[in-house]
Amino acid sequence: MFGTIIKDIAVLAGISGILAILLVIAERFLNDYGDCRININGKRDITIKGGNNLLASLGEKEIFLPSACGGRGSCGTCKCKITEGGGPLLPTEKPFLSKAELEDSIRLACQVKVKTDVFIQIPESIFNIRKYTSTITEIIDYTYDIKGITFKLEDGEEIDFKAGQYVQLISEPYAKMKQRVSRAYSISSKPEDRNSIQLIIRLVPEGICTTWVHNYLKVGDRVNFTGPYGDFYLRDTNADIIFVAGGSGKAPIKSILEHLAVVGIERKMTYFFGARTLKDLYLTDEMKAFEKIFPDFRYEPVLSQPESGDGWQGKTGYVMPYFKDAIRDPKNTEAYLCGSPGMINAVCNALTDLGVAKEKIYYDSFG
Ligand SMILES: Cc1cc2nc3c(=O)[nH]c(=O)nc-3n(C[C@H](O)[C@H](O)[C@H](O)COP(=O)(O)OP(=O)(O)OC[C@H]3O[C@@H](n4cnc5c(N)ncnc54)[C@H](O)[C@@H]3O)c2cc1C
Ligand code: FES
């Protein structure tokens, strides 16, 4: 009886093993799509091995579409127009596409698998996005969970970006993490410093890229990134400006202010920085110093939960109730927001309630 059971188990294990091998072989042959052609803007053809997604296939050929979430289908930044090929629209794409975009054949490149020839259209500006290799020259602990890291480009290379734009850092394998991931980080240094960039990175518990940055990166390490990306930059108007940031959202606004200190500005600007406690504040003296540089600028740190030992004399609670005093004419006000999706949502609602037009509220959501 016992012997029969052992024999049956052995037969079942054998059959499962054979099935697994057959599946691997079938996968290899059935999913072999051979070489596929990607035609870009009707001008340029690239040939790639079929089977990968469009975002990664373009990346192989050093054509980098924005991909803030690193291809996980959660940011919607990798949009591109597909005029032929690409297969049916996936349910994962729909939430990110407006009715007009759907009608215009816009797709999420990270969700489209290249199995046949594909014809796509992308803005010419995408060809300015490049991959850079850099060496870390400085790491500063701004707070217990926020670091400022300076990356010097190799071989005297230079990067051309607008203050407020971001790059995508490519992590290297570490500990048990065998894969590389790509994550978006706003450049915190000014565009006039073309041979190096600084990023301000907050540790996300269990986060793949930020654990690598905080626990493994050291001065002298070589790091790759692509960029620049994004349309979060100061519009050239005469409107008053409200900046709002939380946590590492200070990064792109620091870049914008440092750039403005070089080129000069006459506009009225108020900068609200929301933090929980005193130990979450950083670069306060540097931001306050801009009050002496610009003719009409105020930096307002606001603590939502100051601790009794903090001795905090400044503003408390959320930043929103303080907007009213800073806005003299809502119709002639622009807002630039950067931080968590929750903060951005709440601030957007407060600003529109005060009469600031939705189209004049620009933001980078770090979610
Ligand atoms: C345009 C843009 C610019 C950005 N600029 C910056 C910047 O200058 N500095 C900076 O520190 N970050 C910035 N981010 C966020 C950054 O891209 C990453 O999402 C973040 O660092 C987490 O990456 P990770 O690989 O460590 O975590 P992941 O491994 O991606 O995520 C781990 C877990 O944490 C959650 N998670 C992901 N992101 C966050 C978050 N921000 N807060 C809380 N939980 C999160 C995930 O849902 C997941 O459960 C930016 C994002 C965007 C879209
Ligand atoms: S890269 Fe984020 S949705 Fe495609």
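A brief report on the enclosed structure follows.

Procedures and definitions
- Residues numbered from 1 in each chain as written.
- Chains lettered and ligands numbered in written order.
- Predicted model: local features only at pLDDT ≥ 70, side-chain atom pairs only at ≥ 80, totals over all residues.
- Heavy atoms only, no water.
- Helix = DSSP H or I, 4+ residues; strand = E, 2+ residues; numbered from the N terminus.
- Buried < 20%, exposed > 50% of the residue type's maximum accessible area, 1.4 Å probe, protein only.
- Contact = heavy atoms within 4.5 Å.
- Areas by Shrake-Rupley, 256 points an atom, 1.4 Å probe, with all protein chains shown as cover.
- Lys, Arg positive; Asp, Glu negative; His and termini not counted.
- Charge placed at Lys NZ, Arg CZ, Asp CG, Glu CD.
- Pairing = 2+ DSSP bridges.
- Right-handed = clockwise from strand over helix to strand, strands pointing away.
- Salt bridge = Lys/Arg side-chain N within 4 Å of Asp/Glu carboxyl O.
- Near = heavy atom within 4 Å.
- Polar contact = N/O pair within 3.5 Å; in protein donor to acceptor, adjacent residues only side chain to side chain.

1. Section: the overall build of the protein chain
Link 1 in the chain: Of the regular secondary structure elements, the protein chain holds eight helices and 17 strands.
Link 2 in the chain: Projected onto the principal axes, the alpha-carbon positions of the protein chain cover approximately 85 × 60 × 45 Å.
Link 3 in the chain: For the protein chain, the proportion of its 367 residues judged to be buried stands at 44%.
Link 4 in the chain: Taking the contacts inside the protein chain whose residues are at least 6 apart along the sequence as the reference set, 69% of them involve residues at least 24 apart.
Link 5 in the chain: Accessible area for the protein chain stands at about 19,000 Å²; split by element, carbon and sulfur atoms hold 53% of it.
Link 6 in the chain: Once the 45 positive and 46 negative side-chain charges of the protein chain are each reduced to a mean point, those two points are 3 Å apart.

2. Concerning the pairing of strand β17 (residues 361-365)
Link 1 in the chain: Pairing of strand β16 (residues 333-339) with β17 involves five bridges; the strand directions are parallel. The residue bridging G339 from the neighbouring strand is S365, located in β17.
Link 2 in the chain: Note that the unit made of β16, helix α8 (residues 341-353) and β17 has a crossover that is right-handed.

3. Regarding the pattern of salt bridges
Between side chains of opposite charge, a pair can form when the charged atoms approach closely.
Link 1 in the chain: In this structure the tally under the stated criterion is 22 salt bridges.
Link 2 in the chain: Residue E93 pairs with R107 through a salt bridge whose shortest N-O separation is 2.8 Å. One end of the pair, E93, is in the loop between β3 (79-84) and α3 (99-103); the other, R107, is in strand β4 (residues 106-108), with 14 residues separating them in the sequence.
Link 3 in the chain: Residue class for R107 comes out buried when judged on its relative accessible area of 8%.
Link 4 in the chain: As a salt-bridge pair, E157 and R130 come within 2.2 Å of each other at their nearest N and O atoms. Of this pair, E157 sits in the loop between β7 (146-153) and β8 (166-170) while R130 sits in strand β6 (residues 130-141), and the two are 27 residues apart along the sequence.
Link 5 in the chain: Judged by its relative accessible area of 25%, E157 is partly exposed.
Link 6 in the chain: On the basis of relative accessible area, R130 is assigned to the partly exposed category, the value being 33%.
Link 7 in the chain: Residues joined by salt bridges that share partners form a network here, namely R37, D45 and D117.

4. Considering unusual backbone geometry
Link 1 in the chain: The linkage connecting G227 with the following residue, P228, adopts the cis geometry, with an omega of -5°.
Link 2 in the chain: Checked against the element boundaries, P228 lands in strand β11 (residues 222-229).
Link 3 in the chain: Phi at L283 is positive, roughly 55°, even though this residue is not glycine.
Link 4 in the chain: Looking at the element boundaries, L283 is found in the loop between β13 (269-275) and α6 (284-293).

5. A closer look at helix α4 (residues 208-215)
Link 1 in the chain: The buried fraction of α4 is high, at six of eight residues.
Link 2 in the chain: If you check which residues of α4 are buried, you get C209, T210, T211, W212, V213 and H214.
Link 3 in the chain: In the core, the buried residues of α4 are packed alongside β7, β8, β9 (182-186), β10 (196-202) and β11.

6. Remarks on the site of ligand 1
Link 1 in the chain: In the region of ligand 1, 20 residues are neighbours, and R183, A184, Y185, I200 and T210 sit closest.
Link 2 in the chain: Take I200: an N or O atom from its main chain is 2.8 Å from a nitrogen atom of ligand 1.
Link 3 in the chain: Within the contact set of ligand 1, an oxygen atom lies 2.9 Å away from a backbone nitrogen or oxygen of R202.
Link 4 in the chain: Taken together, the elements giving at least two residues each to the shell around ligand 1 come down to β9, β10, α4 and β17.

7. A short note on the pairing of β6
Link 1 in the chain: Inspection of the sheet shows β6 paired to β11 by six bridges, in the antiparallel sense. Along β11, the bridge assignment pairs T133 with N224.
Link 2 in the chain: As defined by bridge partners, β6 adjoins β7 across seven bridges and the pair is classed as antiparallel. Across the sheet, the residue bridging to I136 is F151, located in β7.

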